[in-house]
Amino acid sequence: MNLSTEYLGVVLPHPLVAGASPLSDDLDGVKRLEDAGAAAIVLRSLFEEQITREQMSEFENLERHGESFAEAASYFPTPDAFALGPFEYLNHLRRAKEAVRIPVMASLNGATPGGWIEYARLMAQAGADALELNLYRIATDPETTSAEIERQAVETVQAVKNAVTIPVAVKLSPFYTAFAHLARELDQAGADGLVLFNRFYQPDIDPEELAATRTLHLSDSSELRLRLHWMAILSGRVRASLAVTGGVHTGIDVVKATMAGAHVTQMVSALLLHGPMHLRAVLDDLAAWMQKHEWHSLAEMRGNMSLFKVPDPDAYERANYMLMLQGWRA
Ligand SMILES: Cc1cc2nc3c(=O)[nH]c(=O)nc-3n(C[C@H](O)[C@H](O)[C@H](O)COP(=O)(O)O)c2cc1C
């Protein structure tokens with residue numbers, strides 16, 4: 001049985017990657033993920049704001065950059081809220097690379113081009129095998145158009161690509177007006193991989209305290225469907241490798257993601273819930289399912305549920321939507 005796959009130009013023995021999370025915040029965690037059989041590891045993110053803050057270093061400097069910046073700065077978590085500061089991050093990356101033989105990817109999290117992108121080069125120098133650029137952004141300003149937001153996303157990717165020679169994967173949210181178009185633009189800007197999808201921060205409201213509450217729910221397999229849908233739409237239409245993140249918990253989830261077109265599947269919630277060794281159980285599950293159903297390699301199932309060959313995907317999507325709603329009888 002051949003489970004091998006190619007992601008960002010690197011051949012991996014199988015598609016199970018440990019996604020960005022606290023599981024790899026120390027060397028023991030990194031080694032545990034390797035022992036559990038992870039094909040590669042993505043470290044958690046270093047944020048644009050952390051780097052910008054470090055680069056400006058003194059608070060007076062922040063204030064000199066105008067009121068809106070000072071106001072934004074007042075929301076920044078204090079440096080001790082972050083598991084790793086910029087300097088520690090590079091150190092940890094260097095040591096993680098020495099500690100394991102599997103590829104280690106660093107993660108940068110920001111949304112607009114700027115001086116923070118310098119860290120892409122420092123991460124590459126520290127030994128990262130690839131970068132994951134997480135373009136997390138909530139577009140709250142009604143004056144800012146989708147075209148402007150997408151232009152900044154493309155420019156950010158171009159700036160990171162210009163800074164490094166290692167592969168760059170771009171982790172995206174699903175909330176863009178014309179996602180297929182943006183994916184193609186990022187592909188043409190040189191993104192080596194697209195990682196679908198970021199999970200968004202969705203605050204709840206505590207009505208008694210009149211306060212927004214931060215909650216981080218771990219995923220379950222139902223979250224996979226949004227990823228399957230978009231993976232199937234993009235598969236065959238972009239040159240970049242495709243990764244699923246969000247809702248991968250079982251071997252069948254990996255089968256579905258691969259059939260939709262994924263080259264790798266990242267896992268976080270499942271590993272936080274059941275421990276890193278769950279990755280090996282998923283791998284065994286995947287191999288057993290493939291054997292039972294007489295698949296010999298992942299390559300032969302990859303993308304065979306993609307919408308690439310559907311002549312009119314827009315009409316196909318509308319038809320399925322109508323049939324689903326009309327199929328319900330009270
Ligand atoms: C506690 C926690 C921390 C995370 N930290 C990061 C991060 O630093 N950078 C990032 O890109 N994603 C981060 N993520 C998101 C995960 O990498 C992943 O995309 C998301 O959890 C969906 O995958 P899952 O369903 O397998 O959990 C984090 C997720 C969790 C639960």
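Quick caveat, the model's predicted, so the values are computed rather than measured. (Residues numbered from 1 in each chain as written. Predicted model: local features only at pLDDT ≥ 70, side-chain atom pairs only at ≥ 80, totals over all residues. Heavy atoms only, no water.)

Novice: A description of the site of the ligand should follow, citing residues and the corresponding values.
Specialist: Neighbouring the ligand are 17 residues; Ala20, Ser45, Asn134, Ser219 and Ser269 lie closest to it. One of the side-chain N or O atoms of Lys171 is found 2.9 Å from an oxygen atom in the ligand. Gly247 places a main-chain nitrogen or oxygen 2.8 Å from an oxygen atom of the ligand. Contact with the protein chains hides 88% of the accessible area of the ligand, taken as 610 Å² for the molecule alone. Going through the elements one at a time, strand 4 (40-47) and helix 11 (269-274) are the ones with two or more residues in the shell around the ligand. Looking at the shell around the ligand residue by residue, the class counts come to 7 nonpolar, 7 polar and 3 charged. (Near = heavy atom within 4 Å. Polar contact = N/O pair within 3.5 Å; in protein donor to acceptor, adjacent residues only side chain to side chain. Areas by Shrake-Rupley, 256 points an atom, 1.4 Å probe, with all protein chains shown as cover. Helix = DSSP H or I, 4+ residues; strand = E, 2+ residues; numbered from the N terminus. Nonpolar A, V, L, I, M, F, W, Y, C, P; charged D, E, K, R; others polar.)

Novice: Mind laying out the side chain of Thr52, listing which residues take part and the relevant values?
Specialist: On the secondary structure map, Thr52 appears in helix 2 (residues 48-56). A polar contact of 2.8 Å, which involves the side chain of Thr52, links it to the backbone oxygen of Glu48.

Novice: Help me get a handle on the sheet that holds strand 5 (residues 104-109), residues and values and all.
Specialist: One closed barrel holds the 8 strands; their spatial order is 3-4-5-6-7-8-11-12, and the pairing between them is parallel. With direction set aside, neighbouring strand axes in the sheet form an average angle of 30 degrees. As judged from the 2 bridges shared by strand 3 (residues 16-18) and strand 4, these two strands associate in the parallel manner. Paired with Ala18 across the bridge in strand 4 is Ile41. (Pairing = 2+ DSSP bridges. Axes fitted to C-alpha atoms, helices over the stretch in contact; angles between N-to-C directions.)

Novice: Go over the packing of aromatic side chains, please, and point to the residues and values.
Specialist: Aromatic rings considered in pairs are described by the distance between their centres and by the relative angle of their planes. What the rule picks out here adds up to 4 aromatic pairs. Pairing Tyr176 with Phe179 gives two aromatic rings, centres 6.4 Å apart and planes at 40 degrees, and the pair type is tilted. Take Tyr176 and Phe179: they sit in the same class, and that class is buried. Summarising the aromatic geometry, the rings of Phe179 and Trp230 are spaced 5.3 Å apart at their centres and angled 75 degrees between planes, so their arrangement reads as edge-to-face. Taken together, the residues span a long stretch of sequence, with Phe179 in helix 8 (residues 179-188) and Trp230 in helix 9 (residues 224-234) at a distance of 51 residues. The exposure class of Phe179 is buried, given its relative accessible area of 2%. Connected via pairs of aromatic rings, a cluster forms that spans Tyr176, Phe179, Phe197 and Trp230. (Phe/Tyr/Trp six-rings, centres within 6.5 Å; stacked < 30°, edge-to-face > 60°. Buried < 20%, exposed > 50% of the residue type's maximum accessible area, 1.4 Å probe, protein only.)

Novice: Break down the pairing of strand 5 for me, with residues and values.
Specialist: The buried fraction of strand 5 amounts to 6 of the 6 residues, a majority that puts the element mostly inside the structure. Neither face of strand 5 is exposed, since Val104, Ala106 and Leu108 on one face and Met105, Ser107 and Asn109 on the opposite face are all buried. With 5 bridges joining them, strand 4 and strand 5 adopt parallel strand pairing. For Phe47, the partnering residue across the bridge sits in strand 5 and is Asn109. Each parallel crossover has a hand, and the one from strand 5 via helix 6 (residues 118-125) to strand 6 (residues 130-134) is right-handed. (Right-handed = clockwise from strand over helix to strand, strands pointing away.)

Novice: Hey, could you go over helix 2 for me, with residue numbers and the actual values?
Specialist: Listed in full, the buried residues belonging to helix 2 are Glu48, Gln50, Ile51, Thr52 and Met56. One or two steps after helix 2, the chain reaches Ser57, where phi turns positive at roughly 45 degrees.

Novice: Got a sec to walk through unusual backbone geometry? Specific residues and values, please.
Specialist: With an omega dihedral of -5 degrees, the bond running from Leu196 to Phe197 counts as a cis peptide bond. With respect to the helices and strands, the residue Phe197 is situated in the loop between strand 8 (193-196) and strand 9 (204-206). Unusually for a residue other than glycine, Leu8 sits at a positive phi of about 55 degrees. Secondary-structure assignment places Leu8 in the loop between strand 1 (5-7) and strand 2 (10-12). Judged by relative accessible area, which is 8%, Leu8 ranks as buried. Within the chain, Glu294 stands out as a residue other than glycine whose phi angle is a positive 60 degrees. Here Glu294 is to be found in the loop between helix 12 (278-292) and helix 13 (298-301). A relative accessible area of 64% places Glu294 in the exposed class.

Novice: I'd like to hear about helix 5 (residues 86-99), residue by residue, with values.
Specialist: The end-to-end C-alpha distance of helix 5 is 20 Å, a good match for the 20 Å that 14 residues give at a rise of 1.5 Å each. Inspection of helix 5 places Pro86, Tyr89, Leu90, His92, Leu93 and Ala96 among the buried residues, and these make up the whole buried set. Buried residues in helix 5, looked at end-on, bunch into an arc of 160 degrees, giving them a common side. Opposite the buried face of helix 5, at more than 90 degrees from it, the exposed residues are Phe87 and Glu98. (Expected span 1.5 Å × (residues − 1). Arc of directions from axis to C-beta.)

Novice: Got a sec to walk through the packing of helix 7 (residues 146-163) against helix 8? Specific residues and values, please.
Specialist: Contact pair helix 7 / helix 8: the axes reach a minimum separation of 9 Å and the direction vectors enclose 25 degrees. Judged on the interaxial angle alone, helix 8 and helix 7 are roughly parallel. Pair helix 7 / helix 8 crosses with right-handed handedness. Contacts from Glu150, Ala153, Val154 and Val157 in helix 7 reach His181, Leu182, Glu185 and Leu186 in helix 8. (Parallel < 35°, antiparallel > 145°, perpendicular 65-115°, else oblique. Left-handed = near helix turned anticlockwise from the far one by under 90°. Contact = heavy atoms within 4.5 Å.)

Novice: For a nonpolar patch on the surface, give the residues involved together with the corresponding values.
Specialist: A grouping of Leu216, Leu218, Leu272 and Leu273 is seen on the molecular surface, where their side chains present a nonpolar patch of about 390 Å² in accessible area. By the element assignment, Leu218 lies in the loop between strand 10 (211-213) and helix 9. (Patch = residues over 30% accessible without salt bridge, like charges linked within 9 Å, V, L, I, M, F, W, Y side chains within 5 Å. Salt bridge = Lys/Arg side-chain N within 4 Å of Asp/Glu carboxyl O.)

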